[in-house]
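# Close look at the chain arrangement
Letter by letter, the chains look like this.
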Amino acid sequence: MVLFLIIIFLGFSLAGYIVMNIIPVFIGFEYGLKIAYYLVNYSGKGTVYSVLMIIPSVAIFVTIIIYTLCISADMSKNLVKITKQEGGVTFEIKPYLKKYTFFSE
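Residues numbered from 1 in each chain as written. Predicted model: local features only at pLDDT ≥ 70, side-chain atom pairs only at ≥ 80, totals over all residues. Heavy atoms only, no water.

Another point: the overall build of the protein chain. Check the secondary structure of the protein chain and you find 4 helices and 0 strands. Counting from the amino terminus, helix and strand elements in the protein chain follow one another as α-α-α-α. By the compact-globule yardstick of 13 Å for 105 residues, the protein chain is too spread out, its C-alpha radius of gyration being 18 Å. Oriented by its inertia axes, the alpha-carbon framework of the protein chain measures out at about 65 × 30 × 15 Å. Taking contacts inside the protein chain between residues at least 6 apart in sequence as the whole, the part at least 24 apart equals 65%. (Helix = DSSP H or I, 4+ residues; strand = E, 2+ residues; numbered from the N terminus. Rg over C-alpha atoms; globule rule 2.2 N^0.38 Å. Contact = heavy atoms within 4.5 Å.)

To continue, consider the packing of aromatic side chains. The full count for this structure, using the stated rule, is 5 aromatic pairs. Here the aromatic rings of Tyr37 and Tyr42 are separated by 6.5 Å at their centres, their planes lie at 85°, and the arrangement is edge-to-face. Judged by its relative accessible area of 42%, Tyr42 falls in the partly exposed class. One aromatic cluster is present, built from ring pairs that chain together Tyr37, Tyr38, Tyr42 and Tyr49. (Phe/Tyr/Trp six-rings, centres within 6.5 Å; stacked < 30°, edge-to-face > 60°. Buried < 20%, exposed > 50% of the residue type's maximum accessible area, 1.4 Å probe, protein only.)

Following this line, the structure appears as structure tokens:
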């Protein structure tokens, strides 16, 4: 939940788009190490445990994180575009909040 909130708040910043692209690398590294640990220490049992317990939960988690990253990246890019324009363009947050709550319902 903390990572989800960090991604949302990065979407509200101008530099958030740059930082957001690093998050999937750290997630992949973390779960890759976790799976490698079970494979090295428990061999066959570790393989079965990884396939049955770790990989399904990681697949759901990564799907939600990627969806959230796409929304936050879009919002951050729009904020950058609005700050570069000199006109009286306003930023609507309501559509983004509706997209974020898609997984909360």
